Protein chains: 2
Amino acid sequence: MMATVLQSTAPPKRTRNTVQRRAVLCAVRALGDSHPAAADVFAHLRETAPGLSLATVYRALDALVSQKEIGRDFVANIARYDVSATPHHHTVCRVCGSVSDLNAPLPAATVRRLQNAANGFQLDLDAVQFSGVCATCRAAI
Amino acid sequence: MMATVLQSTAPPKRTRNTVQRRAVLCAVRALGDSHPAAADVFAHLRETAPGLSLATVYRALDALVSQKEIGRDFVANIARYDVSATPHHHTVCRVCGSVSDLNAPLPAATVRRLQNAANGFQLDLDAVQFSGVCATCRAAI
DNA sequence: TTCCATGCAAACGTTTTGCATTTCG
DNA sequence: CGAAATGCAAAACGTTTGCATGGAA
């Protein structure tokens, strides 16, 4: 049903420090906390580093994620990238799709309670994806 | 950056009770708590109701979601469907991609705490997506 | 009789891949 | 030098859509 490995358990791979890879990292940082998709990174690089190919952007993003240089989240059929590789919560607006960080660690008691109910599933309770409606979309209704 | 509406605010639409739509609902129920993707539903229907087209499966699934007859979740670039439309938490294994239900309501104090930190974002705290590693994949390491 | 739903095929947006070439280390 | 990264184009993948036809209400 699902053969794709979402996160490999393979050992870290030796990578190269190329102009393109640096440009991609730079672009993700420039786009800041907007949690850009690959297409957004590519669009940004059209100005910053023209001539760079989309395939390279994808490969560089993958490499940067593997090296834990940046983070990645899947939202509604699209991969979104994150300046910070440090685990943290995210909110996803189910109306406009915007992604934001949520800084509020779960209380230890809640963590225990959830992990207890998880039935052998090891929860990443420092990186939870919350859904909902953002302030802007809420105001627009 | 993201124009697609993840959840419409439009009023419910009048729909028709067709053989195909009933078959799709039946298939989702037959597949139970495995949280099947559209392709899984289609594969199941190849036996149950041959001749049914993939496009119809997609349209039926969409309709059933709109009518809140079934649930939908987006996991790593693929839509997964849920027998139950009642909001509940999910766990997503980041190794094998399997999806399961997690029955453990967040404590009221935690709900308050999170909603407070959300900065105007209205959180759906009864339908949270937790990531992690399932028991099977954990054992396989 | 009215439209909503269907089947088919083609299109779509996102992501991956094959291959010849370049470039880092 | 050798391994890894690049550009390009083509393909793969999940999903949506246009259109002529069929069927529920």
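Procedures and definitions
Residues numbered from 1 in each chain as written. Chains lettered and ligands numbered in written order. Predicted model: local features only at pLDDT ≥ 70, side-chain atom pairs only at ≥ 80, totals over all residues. Heavy atoms only, no water. Domains from an automatic or database assignment. Contact = heavy atoms within 4.5 Å. Buried area = accessible area lost by both parts, 1.4 Å probe. Near = heavy atom within 4 Å. Polar contact = N/O pair within 3.5 Å; in protein donor to acceptor, adjacent residues only side chain to side chain. Helix = DSSP H or I, 4+ residues; strand = E, 2+ residues; numbered from the N terminus. Nonpolar A, V, L, I, M, F, W, Y, C, P; charged D, E, K, R; others polar. Least-squares fit on C-alpha atoms with pLDDT ≥ 70 in both. Salt bridge = Lys/Arg side-chain N within 4 Å of Asp/Glu carboxyl O. Pairing = 2+ DSSP bridges. Axes fitted to C-alpha atoms, helices over the stretch in contact; angles between N-to-C directions. Parallel < 35°, antiparallel > 145°, perpendicular 65-115°, else oblique.

Another point: the domain arrangement of chain A. Residue and element names in this part refer to chain A. Once the domains are mapped, chain A shows domain 1 (17-86) and domain 2 (87-141). Between the C-alpha centres of domain 1 and domain 2 there is a distance of 23 Å. The interface is formed by 10 residues belonging to domain 1 together with nine residues belonging to domain 2. When domain 1 packs against domain 2, close to 740 Å² is buried across both sides, 49% of that on carbon and sulfur atoms.

Our next topic: the protein's contact with DNA strand C. Taken together, 22 residues sit near DNA strand C, with A:Tyr58, A:Ala79, B:Arg16, B:Thr18 and B:Thr56 positioned nearest. A share of 63% is what sugar and phosphate atoms reach among the atoms of DNA strand C within 4 Å of the protein. In this structure, a base oxygen belonging to DNA strand C sits 2.6 Å away from a side-chain N or O atom of B:Arg16. Take B:Gln20: an N or O atom from its side chain is 3.2 Å from a sugar or linking oxygen of DNA strand C. The dominant element in the surface near DNA strand C, judged by the number of residues it contributes, is helix α3 (residues 54-66) of chain A, at five residues.

The immediate surroundings of DNA strand D are formed by 22 residues, with A:Arg16, A:Thr56, B:Arg16, B:Tyr58 and B:Ala79 found nearest. Of everything in DNA strand D that lies within 4 Å of the protein, sugar and phosphate atoms constitute 57%. For DNA strand D, a base nitrogen lies 2.4 Å from a polar atom in the side chain of A:Arg16. In this structure, a sugar or linking oxygen belonging to DNA strand D sits 3.1 Å away from a side-chain N or O atom of A:Gln20. Elements with a contribution of two residues or more to the surface near DNA strand D: α1 (19-30) and α3 of chain A together with α3 (54-66) and β2 (78-82) of chain B. Broken down by element, the residue count for the surface near DNA strand D peaks at four residues, all from α3(B). Of the residues contributing to the surface near DNA strand D, the split by class is eight nonpolar, nine polar and five charged.

This next bit is on the relation of the copies chain B and chain A. Overlaying chain B on chain A yields an RMSD of 0.1 Å, the required transformation being a rotation through 180° with an accompanying axial translation of 0.0 Å. Read as a symmetry element, the transformation amounts to a two-fold axis. Of the C-alpha atoms belonging to chain B, the one lying closest to the rotation axis is found on B:Asn77, 1.9 Å away. Most of the interface of chain B is mirrored in chain A, where 98% of its interface residues are also at the interface.

Now for the interface of chain B and chain A. The interface of chain B with chain A comprises 49 residues on the first partner and 50 residues on the second. Carbon and sulfur atoms supply 62% of the area buried between chain B and chain A, which totals about 4600 Å² over both sides. For B:Arg94, the salt bridge is made with A:Asp124, and the minimal N-O distance between the two is 2.9 Å. Seen at the junction of chain B and chain A, the total is 14 residue pairs in polar contact (both at pLDDT 80 or more). Breaking the side of chain B that touches chain A down by element, the ones donating at least two residues are β2, β3 (89-93), α4 (108-117), β5 (122-123), β6 (129-133) and α5 (135-140) of chain B. The element best represented in the side of chain B that touches chain A is β6(B), accounting for five residues. When its residues are assigned to classes, the side of chain B that touches chain A shows 30 nonpolar, 13 polar and six charged. Both strand β5 (residues 122-123) of chain A and β6(B) contribute to a ladder of two bridges, which runs antiparallel. When the sheet's bridge partners are listed, A:Leu123 is paired in β6(B) with B:Gly132.

All names here are of chain B. With respect to the element layout, Gln 115 can be found in helix α4. Spatially, the C-alpha atom of Gln 115 lies 8.6 Å from that of Leu 125, the residues being 10 residues apart in sequence. Look past the residues within four positions of Gln 115 in its chain and what remains in contact with it is Phe 121, Gln 122 and Leu 123.

Attention now goes to the packing of α1(A) against α3(A). Residue and element names in this part refer to chain A. Running from N to C, α1 and α3 cross one another at 75°; their axes reach a closest spacing of 9 Å. On the basis of the axis angle, α1 is roughly perpendicular to α3. When α1 is examined against α3, the residues Gln 20, Arg 21, Val 24, Leu 25 and Val 28 are found in contact with a partner set consisting of Thr 56, Val 57, Ala 60, Leu 61, Ala 63 and Leu 64. Class assignment for the residues of the contact of α1 with α3 results in eight nonpolar, two polar and one charged.

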